[in-house]
Amino acid sequence: SLSGGGNTDYQSSSELPGREENLRGFLLAAQAQAQKLGQSLTHILIIPTARISNPFTITQGERENLTAFAEAQADSLEDICLQFSTENSLPCQATVLPVFMRSDAASIAYVNEIADSLSAIYFLDGSPLLAMRNLANTPLERVIADAYQRGVLIAGDGNSANMQSFQLLVGYQSDFAAENALAFGASDLRSMPRGRGLIYGLDHAIIQSELFFEGRLGLLLNALIDQASVNVGLGIDRHAGVDILDG
């Protein structure tokens, strides 16, 4: 199944309850999937690819900072899992796959991390366009697609939810914003051959995250009238999520 929504970038403690509620929903879905797969542990792999600032180069300092951020998210997931777990719940283990460049996505060592023991894969919030520049048509994307086919839950947080549809809504074209979102040509919708979301992604709808929180309803409506669009939109707001079965 596919899952998307929420946001992990919070500046205010007042947003913490909503964040925890959203992550709890994801963890419950991951635990349920682990049980379906006959696993004794809910193993979640966190991929922070979308958080990069440049798809072609990365400094060692940025790599270390992004990895540390992802590891903090892994710790948070494990802590929240402990808070609501019962004696009948599967325990949670979250690990980080530090994929930031296309060379990382071609690494045999990283590809082998997409193991049969996985219950869920969790893409952190960031730029879906930059993420797909690193993931599209790589060995890592292929094994993630294989994992999806065998029942591993795939989730995208925040803007990374957009990657869970095959047609990728990147955002606004230059000189457009929420104020003129309904103007012709405002949306940047990527479909083949110009680009796409993940290869296994939802093929009969376009996903847009933070729909009302960031005022993106106009953006999604604009994308839906694009000649290349599948003409069905799925909007997910902050602190909300959706679990798509057989997408």
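Everything below is about the structure shown above.
Residues numbered from 1 in each chain as written. Predicted model: local features only at pLDDT ≥ 70, side-chain atom pairs only at ≥ 80, totals over all residues. Heavy atoms only, no water.

Draft legend 1. View of the overall build of the chain. On a plain count of helices and strands, the chain comes out with seven helices and 10 strands. The C-alpha radius of gyration of the chain comes to 17 Å, within 12% of the 18 Å expected for a compact globule of 247 residues. With the principal axes as the frame, the chain shows a C-alpha extent of 55 × 40 × 35 Å. By the burial criterion, 53% of the 247 residues in the chain qualify as buried. For the chain, contacts bridging at least 24 residues in sequence account for 80% of all contacts bridging at least 6. For the chain, the computed accessible surface area is about 11,100 Å², with 52% contributed by carbon and sulfur atoms. Seen as two clouds, the 14 positive and the 28 negative side-chain charges of the chain have centres 6 Å apart. (Helix = DSSP H or I, 4+ residues; strand = E, 2+ residues; numbered from the N terminus. Rg over C-alpha atoms; globule rule 2.2 N^0.38 Å. Buried < 20%, exposed > 50% of the residue type's maximum accessible area, 1.4 Å probe, protein only. Contact = heavy atoms within 4.5 Å. Areas by Shrake-Rupley, 256 points an atom, 1.4 Å probe, with all protein chains shown as cover. Lys, Arg positive; Asp, Glu negative; His and termini not counted. Charge placed at Lys NZ, Arg CZ, Asp CG, Glu CD.)

Draft legend 2. Expanded view of the layout of surface pockets. Space inside the largest pocket adds up to approximately 220 Å³. At three residues, strand E7 (residues 187-190) tops the list of elements feeding residues into the lining of the largest pocket. Residues of the lining of the largest pocket, tallied by class, amount to five nonpolar, five polar and three charged. (1 Å grid on protein atoms, 1.4 Å probe; cavity = no way out; pocket = protein on both sides within 12 Å on 5 of 7 lines; lining within 4 Å. Points joined across faces, edges and corners; volume = space filled by probe spheres on them. Nonpolar A, V, L, I, M, F, W, Y, C, P; charged D, E, K, R; others polar.)

Draft legend 3. Structural context of the pairing of strand E5 (residues 153-157). The element E5 is extensively covered by neighbouring structure, given that five of its five residues are classed as buried. With four bridges joining them, strand E4 (residues 120-123) and E5 adopt parallel strand pairing. Of the residues in E5, the one forming a bridge with Tyr122 is Ala155. (Pairing = 2+ DSSP bridges.)

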